[in-house]
Amino acid sequence: MDFKYNIVGFDLPHTNSHDSLQRILTAALPNQNHYVNYPQLNYWNADFFKLHQVKIFQESNITEQSAILDLANRSLLEESYFIEKAGVGYMAKMVLLAETVEERMLYGLFTADEATHLHQISHFLPEMEVTRMNDPFLRLLSEVVESADKTVLLFLLQVILEGWGLSHYRRLAKECRHPVLAELFASFLQSESRHHATGTTLFNQISVSALSQTTILDVLSQFLFMVQVGPQSVLAAVEQVKGHLTRSQKIQVLEELDTENHSGTRLQILRSLMGIKSAQSILQNLEERGAFQPLPAHQCV
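Residues numbered from 1 in each chain as written. Predicted model: local features only at pLDDT ≥ 70, side-chain atom pairs only at ≥ 80, totals over all residues. Heavy atoms only, no water.

Topic: the pattern of salt bridges
Pairing is possible between side chains of opposite charge, provided their charged atoms come close. Under the defined criterion, the tally for this structure stands at seven salt bridges. Here E78 makes a salt bridge to R74, at a shortest N to O gap of 2.7 Å. Here the residue E78 and the residue R74 both occupy positions in helix α4 (residues 62–97), the gap between them amounting to four residues, near one helical turn. Salt-bridge contacts for E175 lead to R171; the nearest nitrogen and oxygen are separated by 3.6 Å. Of this pair, E175 and R171 both sit in helix α7 (residues 150–175), separated by four residues, roughly a single helical turn. Note on E175: relative accessible area 37%, which makes it partly exposed. Linked through salt bridges whose partners overlap, the residues forming this network are E99, E103 and K150. (Salt bridge = Lys/Arg side-chain N within 4 Å of Asp/Glu carboxyl O. Helix = DSSP H or I, 4+ residues; strand = E, 2+ residues; numbered from the N terminus. Buried < 20%, exposed > 50% of the residue type's maximum accessible area, 1.4 Å probe, protein only.)

Laid out in structure tokens, this is it:
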């Protein structure tokens, strides 16, 4: 195990299906009776990803279109899986960092929320590798979760990421073609809302040091840039199936995916999450850097 990332737990393996711990875990987790494994990946259609607007996708045969959609779906689900996996370690860490009995109790309950979500999401993914550390967002998430600065943890992971999760999971639930998975994402919203509200409440009680603010700005600049450059995972799915794309082809795909509107909507949601009183200087600094401006397609490749 790489102990550099022992809290985030991305490299923690699963036990095999016959391990006795699996039976105990299944008995301990709530509402598991109606969950079975769903190996297919056609949860969101081409319209959800705006692939119906992409010429190279439209001109592909059915097999290629299906392969592109499978990759786009898998990427979306894997992201949720790894976020929930990190959430278990993060919430457990916050139990130890709690400064009141009530805070410790809340984070104990939140750890159970994340463990439940992780188990539920796992039913919808086929067998997979235990780590995906080549993903820049997951690498950044790992670094944040391992931070020793509670102010940084609260703001980035509960105010921003959990707040973003509310909007993200709501959209996934609304547009999912699989009723059980749609219901699952909708069921996440109540607990995500509590996690976000707790983070906001605790963050507003903290005086943000210059060092903490510098760290927050550095991480958010990296994260917002990942949003600014548009739907890169969808572009990657197209290229993986169709083969190498030239720069001009990539620009065309991103333009057809409406990258500026895609990014602009998400950047405004993230900006709104930073509107709380204690984060005003952070928000102002990021605005001065142009971090909330979506980039045109030719700057995203």
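Observations regarding the packing of α7 against helix α12 (residues 259–273)
Where α7 contacts α12, the two axes come as close as 9 Å, and the packing angle between them is 135 degrees. One element, α7, and the other, α12, form an angle in the oblique class. Of the two possible hands of crossing, α7 and α12 adopt the one that is right-handed. Along its contact with α7, which presents V159, I160, G163, W164, S167 and R171, the element α12 presents R266, I269, L270 and L273. When grouped by side-chain class, the residues that make up the contact of α7 with α12 number six nonpolar, two polar and two charged. (Axes fitted to C-alpha atoms, helices over the stretch in contact; angles between N-to-C directions. Parallel < 35°, antiparallel > 145°, perpendicular 65-115°, else oblique. Left-handed = near helix turned anticlockwise from the far one by under 90°. Contact = heavy atoms within 4.5 Å. Nonpolar A, V, L, I, M, F, W, Y, C, P; charged D, E, K, R; others polar.)

Looking at the packing of aromatic side chains
For any two aromatic rings, the description comes down to two numbers: the centre-to-centre distance and the angle of the planes. One pass over the full model with this rule turns up 13 aromatic pairs. Between F137 and F223, the aromatic rings sit 5.8 Å apart at their centres with planes inclined by 35 degrees, giving tilted as the arrangement. With a gap of 86 residues between them, F137 in helix α6 (residues 136–145) and F223 in helix α9 (residues 210–228) connect regions that are remote in the sequence. Comparing F137 with F223 shows no difference in burial state: the two are buried. Linked through ring pairs, Y43, W44, F48, F49, F124, Y169, F185 and F188 together constitute an aromatic cluster. Between R171 and the ring centre of F48, over which it is positioned, the NZ or CZ distance is 4.1 Å. (Phe/Tyr/Trp six-rings, centres within 6.5 Å; stacked < 30°, edge-to-face > 60°. Lys NZ or Arg CZ within 6 Å of the ring centre and 35° of its normal.)

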